[in-house]
Amino acid sequence: QVQLVESGGGLVQAGGSLRVSCVLSGRTFSNYAMGWFRQAPGKEREFVAAIIRSGGITYYSDSVKGRFTISRDNAKDIVYLQMNSLKPEDTAVYYCAAGPITYYNNGRSQYTTPRNYDYWGQGTQVTVSS
């Protein structure tokens, strides 16, 4: 009934760009904050970016700020992650997630915490070659 479908992963050269997308179905998209997380082999899952329900405010990890951009289209139920100036250390499986996080009732840290997200996609592999 609830489904998150990711697409857009692939192999790119260092310095290149890639855009991954995620579509939510089975729920009202605008009711959920959306986040992107990633996990590299042998590493912990880490926060990448998040966007509030209305799309007006975004959050980023220090490692991607200035290179990645998260956006959403609430008319199409899609969240995007535009990745520019990619580095080999960006190589990971990227997961989108949806959570009932509200901007006015929660601080930034609430968006970076995986346990605050109820629904997760299957992940899409992003590989950056050197």
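Scroll up for the structure.
Now for a look at the structure at hand. Predicted model, so just to flag it, every value in this text is computed and none were measured. (Residues numbered from 1 in each chain as written. Predicted model: local features only at pLDDT ≥ 70, side-chain atom pairs only at ≥ 80, totals over all residues. Heavy atoms only, no water.)

A short note on the sheet that holds strand β1 (residues 3-7)
Read across the open sheet, the four strands follow the order β1-β3-β8-β7; overall the sheet is antiparallel. Each edge of the open sheet carries a strand with a single partner, namely β1 and β7 (68-73). Each strand axis lies, on average, 15° off the axis of its neighbour in the sheet, ignoring direction. (Pairing = 2+ DSSP bridges. Helix = DSSP H or I, 4+ residues; strand = E, 2+ residues; numbered from the N terminus. Axes fitted to C-alpha atoms, helices over the stretch in contact; angles between N-to-C directions.)

With respect to the nonpolar core
The biggest cluster of nonpolar side chains holds 27 residues, and the ones touching the most others in it are Trp36, Leu81, Met83 and Tyr94. Residues Phe47, Ala50, Ile101 and Tyr111 belong to the second largest nonpolar core, which totals 10 residues. (Core = buried A, V, L, I, M, F, W, Y, C linked by side-chain atoms within 4.5 Å. Buried < 20%, exposed > 50% of the residue type's maximum accessible area, 1.4 Å probe, protein only.)

Focus on the pairing of strand β9 (residues 92-99)
Burial runs high along β9: six of the eight residues are buried. Inspection of the sheet shows strand β4 (residues 33-39) paired to β9 by seven bridges, in the antiparallel sense. Bridging from a neighbouring strand, methionine 34 pairs with alanine 98 of β9. Bridging between β9 and strand β11 (residues 124-129) involves three bridges; their strand directions are antiparallel. Within β11, the residue paired with valine 93 across the bridge is glutamine 125. Here two bridges tie β9 to strand β10 (residues 119-120), and the two strands are oriented antiparallel to one another. When the sheet's bridge partners are listed, alanine 98 is paired in β10 with tyrosine 119.

Topic: the pairing of strand β8 (residues 78-83)
Among the six residues of β8, five are classified as buried, and the element is accordingly described as predominantly covered. Two strands pair when backbone bridges link them, and strand β3 (residues 18-25) and β8 are joined in this way by six bridges, in the antiparallel orientation. Paired with cysteine 22 across the two strands is valine 79, which belongs to β8. With six bridges joining them, β7 and β8 adopt antiparallel strand pairing. Paired with aspartate 73 across the two strands is isoleucine 78, which belongs to β8. Adjacent in sequence and paired antiparallel, β7 and β8 are bridged by four residues, among which aspartate 77 carries a positive phi angle near 60°.

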